[in-house]
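This is what each chain is made of:
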Amino acid sequence: QEKQPHDWRKIFHCTLRIGIASGSGFLFVAGALLTAQVLLESGYFGVQQVRVEGQDRVSEGEILESSDIQIGDSLFELDLKMIGSKIEEHAWIATAEVERFFPDQIVLRVDEREARAIIDLDYLYYVDAAGVVFKMLNGSDNLDYPVISGIDRQYLLENPDKTQGCLDLALELMRILENRKIFSLDDVSEIHYDQQAGLLVYTAIGGVPIMLGNAGFADKLDRLEEIFEDLEPRLLALKYIDLNVTDRVIVKLDVKRT
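The structure contained in this document is the topic of the report that follows. (Residues numbered from 1 in each chain as written. Predicted model: local features only at pLDDT ≥ 70, side-chain atom pairs only at ≥ 80, totals over all residues. Heavy atoms only, no water.)

### Looking at the pairing of strand β9 (residues 198-203)
Argument step 1. The element β9 is largely enclosed, with a buried count of five among its six residues.
Argument step 2. In this structure, the hairpin formed by strand β8 (residues 188-194) and β9 is closed by a connection of three residues.
Argument step 3. In this sheet, strand β10 (residues 209-213) lies alongside β9 in antiparallel orientation, the contact comprising four bridges. Pairing of Val201 across the sheet is with Ile210, part of β10.
Argument step 4. Hairpin connection, β9 to β10: the antiparallel pair is bridged by five residues, and Gly206 has positive phi, about 85 degrees. (Buried < 20%, exposed > 50% of the residue type's maximum accessible area, 1.4 Å probe, protein only. Helix = DSSP H or I, 4+ residues; strand = E, 2+ residues; numbered from the N terminus. Pairing = 2+ DSSP bridges.)

And the structure:
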């Protein structure tokens, strides 16, 4: 078979085009890297503004201080996850999200906790809507919340899952009471958990214990509300109210008060 002669001109032009394309690509990448280096060294991507969103109770200054972000810090060198974790160490911050906005801005979005009750664990602590014990109270904190009792610090440390179940039960009862008109959360001063009897609530007037057990709160409160308007003027003379008997309300008089 006769060999075909090589078209050296065509091969030369093809090689030349490949070389030019490769060289252009190399120069483009090198130029881009050089430009990026110059911008980084010039501080073009340095933090110039930190914006805080979602805060109400916690001041913007407290959140900025917790973040430890400084003006001029490189956007590329910031560990966003670690910054969010630092902010979440604040007692009133449930979650924190940190986001970069090029060329020079950081946004901190926070979700604050809402106190729902106070729990007595040798010291008083706030409990949020998720049943998280999150802050020890000090002299300036608001005390106008229902108190959850019957769970001590040692029990919490040794039985975290059971404690969470107790708190969830108490918060469920609180949510039901909030929607009541005759006997509501405003009529309750304390919610007590007993390992055998379940939940008891103490009335704001007279501190009368009302036994509710561990379930069926709505039906039990319906029965109580049918007679509560008649009972309310006489709360100071009552020893307890038991709602755990089906279709009945058991009222016990306190002979010492009558």
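Next comes the rest of the description.
### Some remarks on the sheet that holds strand β2 (residues 93-101)
Argument step 1. The three strands lie next to each other as β1-β3-β2, forming an open sheet whose pairing is mixed. The sheet terminates laterally at β1 (49-53) and β2, the two strands that pair on one side only. Between one strand axis and the next, the sheet turns by 20 degrees as a mean value, whatever way the strands run.
Argument step 2. Of the strand pairs in this sheet, β1 and strand β3 (residues 105-112) are connected by five bridges, and their pairing is parallel. (Axes fitted to C-alpha atoms, helices over the stretch in contact; angles between N-to-C directions.)

### Some remarks on the pattern of salt bridges
Argument step 1. For the structure shown, the criterion picks out eleven salt bridges.
Argument step 2. The salt bridge involving Arg113 is made with Asp128; its shortest N-O contact spans 2.9 Å. You can see Arg113 sitting in the loop between β3 and β4 (115-121) and its partner Asp128 sitting in strand β5 (residues 123-128), a full 15 residues away along the chain.
Argument step 3. It is possible to trace a salt-bridge network through shared partners that takes in Arg51, Glu53, Glu97, Glu99 and Arg109. (Salt bridge = Lys/Arg side-chain N within 4 Å of Asp/Glu carboxyl O.)

### What to know about the environment of Ile106
Argument step 1. Looking at the secondary structure, you find Ile106 in strand β3.
Argument step 2. For Ile106, a relative accessible area of 0% gives the class buried.
Argument step 3. Once the C-alpha coordinates of Ile106 and Val52 are considered, the two residues, 54 residues apart in sequence, prove to be 8.6 Å apart.
Argument step 4. Beyond its immediate chain neighbours, meaning those up to four positions away, Ile106 contacts Val47, Gln49, Val50, Arg51, Ile69, Leu75, Leu78, Val98, Glu99 and Arg100. (Contact = heavy atoms within 4.5 Å.)

### Overview of a negative patch on the surface
Argument step 1. On the surface, Asp120, Asp122, Asp152 and Glu158 cluster together to form a negatively charged patch.
Argument step 2. A relative accessible area of 36% places Asp120 in the partly exposed class. (Patch = residues over 30% accessible without salt bridge, like charges linked within 9 Å, V, L, I, M, F, W, Y side chains within 5 Å. Areas by Shrake-Rupley, 256 points an atom, 1.4 Å probe, with all protein chains shown as cover. Lys, Arg positive; Asp, Glu negative; His and termini not counted. Charge placed at Lys NZ, Arg CZ, Asp CG, Glu CD.)

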